[in-house]
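Here is how the chains run, residue by residue.
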Amino acid sequence: MNDRGWQRTFDDPILLPDGRKLITLHDAATFITKLPKREHGVPEWQAAIEALMLVVNLGGPTMFARIGVVRALNRHHEPVIKPRKKRVRAYTIVR
């Protein structure tokens, strides 16, 4: 396994919505470059590109690049937050 460069693999492949997988940093870079031009300027994709470049150039953990790409892929997904039910506490009054 190369510890530097575009052929480094992600610890866990990135599954794309169409079923394809991004296995290497090169796969992720190729995917990003094929996005429509208007997508490249989106802050999430800019962060993903920067993370990829830093990991490739400085040899950092591939997890940083993976997080950047996954966050960009999921930028339109809004997590569903379920409000917690309030617990009613029973207190005993001692006299």
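Below, the structure is looked at part by part. Here the structure is a predicted model, which means the values were calculated and not measured.

1. Examining the pattern of salt bridges
On inspection of all chains with the given rule, the structure shows two salt bridges. A salt bridge links Arg 20 to Asp 18, with the nearest nitrogen and oxygen atoms 2.8 Å apart. Arg 20 sits in the partly exposed class, given a relative accessible area of 46%. Residues Glu 39 and Arg 75 are paired through a salt bridge, measuring 2.4 Å at the closest nitrogen-oxygen approach. Separated by 36 residues along the polypeptide, Glu 39 in helix H2 (residues 37-40) and Arg 75 in the segment after helix H4 (62-73) bring together distant segments of the chain. Residue Arg 75 is classed as partly exposed on the basis of its relative accessible area of 23%.

2. Observations regarding the packing of helix H3 (residues 43-58) against H4
Contact pair H3 / H4: the axes reach a minimum separation of 8 Å and the direction vectors enclose 165°. With respect to H4, the axis of H3 lies roughly antiparallel. Classified by chirality, the crossing of H4 by H3 is left-handed. Along the contact surface, H3 presents Glu 44, Trp 45, Ala 48, Ala 51, Leu 52 and Val 55, while H4 presents Thr 62, Phe 64, Ala 65, Gly 68, Val 69, Ala 72 and Leu 73. Split into classes, the residues belonging to the contact of H3 with H4 amount to 10 nonpolar, two polar and one charged.

Definitions and cut-offs
- In this convention, every chain numbers its residues from 1, walking through the sequence in written order.
- Local features in a predicted model are, by the rule used here, given only for residues with pLDDT of at least 70; side-chain atom pairs are given and counted only at 80 or more, and totals for whole chains, interfaces and linings are based on all residues.
- Note that water and hydrogens are dropped before the side-chain values are worked out from all heavy atoms of the structure.
- The rule for a salt bridge is simple: a side-chain nitrogen of Lys or Arg has to be within 4 Å of a carboxyl oxygen of Asp or Glu.
- Partly exposed describes any residue whose relative accessible area lies between the buried limit of under 20% and the exposed limit of over 50%, with all areas from a 1.4 Å probe on protein chains only and scaled to the type maximum.
- Runs of E in the DSSP output that reach at least two residues are strands. Runs of H or I that reach at least four are helices, and both are numbered from the N terminus.
- Orientation is described by lines fitted to C-alpha atoms, with helices fitted over the stretch in contact, and by angles between N-to-C directions that extend from 0 to 180 degrees.
- Any angle from 65 to 115 degrees is called roughly perpendicular, while one under 35 is roughly parallel, one over 145 is roughly antiparallel, and all others are oblique.
- Left-handed describes a crossing in which the near helix is turned anticlockwise from the far one by less than a right angle; the clockwise case is right-handed.
- We call two residues in contact when some of their heavy atoms are within 4.5 Å.
- Three classes are used: nonpolar for Ala, Val, Leu, Ile, Met, Phe, Trp, Tyr, Cys and Pro, charged for Asp, Glu, Lys and Arg, and polar for all others, with Gly counted as polar.

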